[in-house]
Amino acid sequence: DFIKSQGNKKLKLLLFLRRLTIQEQPVIVVNLYNMTVHNWSDDLCPTLAQNNANIERVVLQFAALTDDQVVQLSKALMDNTNVNYLQLNRNKIGVKGTRAIAILLLKNETIKTVDLSHNKIGNEGAMAVASYLP
């Protein structure tokens, strides 16, 4: 797994995302576990916004995600019809990021599972998500 290897993480991420755009076989999972590259969302979000059919699951566990990055991610996934699973646990997501996810879930019916465990969403964030559930 390229993410677990040592070296220039930013370059490896860019090469991986480039490979996604030209690959014919589905990758299914983009696993950026413990990937704390500064501004990774500038590279990943455009790929997700392209509605790449090769990506069905996005794992961003321990990625040090902030609310602003989750807002970017949510916007990128708004019209995506392939991603059905988001693993966002163990990050720095608060109420603002949780609200963005809630709005995403309202608009995007493809995403069926979102893991927000071990974040700082609090009662207000939980209520935001709950308010968008059917």
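What counts and how
Residues numbered from 1 in each chain as written. Predicted model: local features only at pLDDT ≥ 70, side-chain atom pairs only at ≥ 80, totals over all residues. Heavy atoms only, no water. pLDDT = per-residue confidence, 0-100. Contact = heavy atoms within 4.5 Å. Helix = DSSP H or I, 4+ residues; strand = E, 2+ residues; numbered from the N terminus. Buried < 20%, exposed > 50% of the residue type's maximum accessible area, 1.4 Å probe, protein only. Salt bridge = Lys/Arg side-chain N within 4 Å of Asp/Glu carboxyl O. Patch = residues over 30% accessible without salt bridge, like charges linked within 9 Å, V, L, I, M, F, W, Y side chains within 5 Å. Areas by Shrake-Rupley, 256 points an atom, 1.4 Å probe, with all protein chains shown as cover. Expected span 1.5 Å × (residues − 1).

Low-pLDDT stretches of the model should not have their predicted coordinates read in fine detail. Averaged over every residue, the pLDDT of the protein is 77; residues scoring 70 or more account for 69%. Note that residues 1-7 has pLDDT below 50 and, in this model, 10 contacts with residues that lie over four places away or in other chains.

Topologically, Gln-72 is positioned in helix H3 (residues 67-77). Take Gln-72: its relative accessible area is 33%, and that puts it in the partly exposed class. Each C-alpha atom of the pair Gln-72 and Leu-44 lies 9.9 Å from the other, and the pair is 28 residues apart in sequence.

This brings us to the pattern of salt bridges. Throughout the structure, instances matching the rule amount to 3 salt bridges. The residue Asp-68 makes a salt bridge to Lys-96 at a minimum N-O spacing of 2.5 Å. Pair noted here: Asp-68 is in helix H3 and Lys-96 is in helix H4 (residues 95-107), with a separation of 28 residues, a long-range link. Here Lys-96 falls in the partly exposed class, since its relative accessible area comes to 44%. Across the pair Asp-79 and Lys-107 runs a salt bridge, and its minimum N-O distance is 3.1 Å.

Right, let's get into unusual backbone geometry. The residue Phe-62 is not glycine, and still its phi comes out positive at about 55°. Relative to the helices and strands, Phe-62 resides in the loop between strand E2 (55-59) and H3. With phi around 60°, Ala-64 is a residue other than glycine that occupies positive phi space. Here Ala-64 is to be found in the loop between E2 and H3.

Attention now moves to a nonpolar patch on the surface. On the surface, Ile-103, Leu-106 and Tyr-132 cluster together to form a nonpolar patch covering roughly 260 Å² of accessible area. Relative to the assigned elements, Leu-106 resides in helix H4. Classification of Leu-106 as exposed rests on a relative accessible area of 51%.

Turning to H4, a few remarks are in order. Taking 1.5 Å of rise per residue, 13 residues should cover 18 Å, and H4 covers 19 Å from first to last C-alpha, within 8% of that figure. Residues Gly-97, Thr-98, Ala-100, Ile-101, Ala-102 and Leu-104 constitute the buried set of H4. Taken together, the buried residues of H4 touch H3, strand E3 (85-87), strand E4 (113-115) and helix H5 (122-131).

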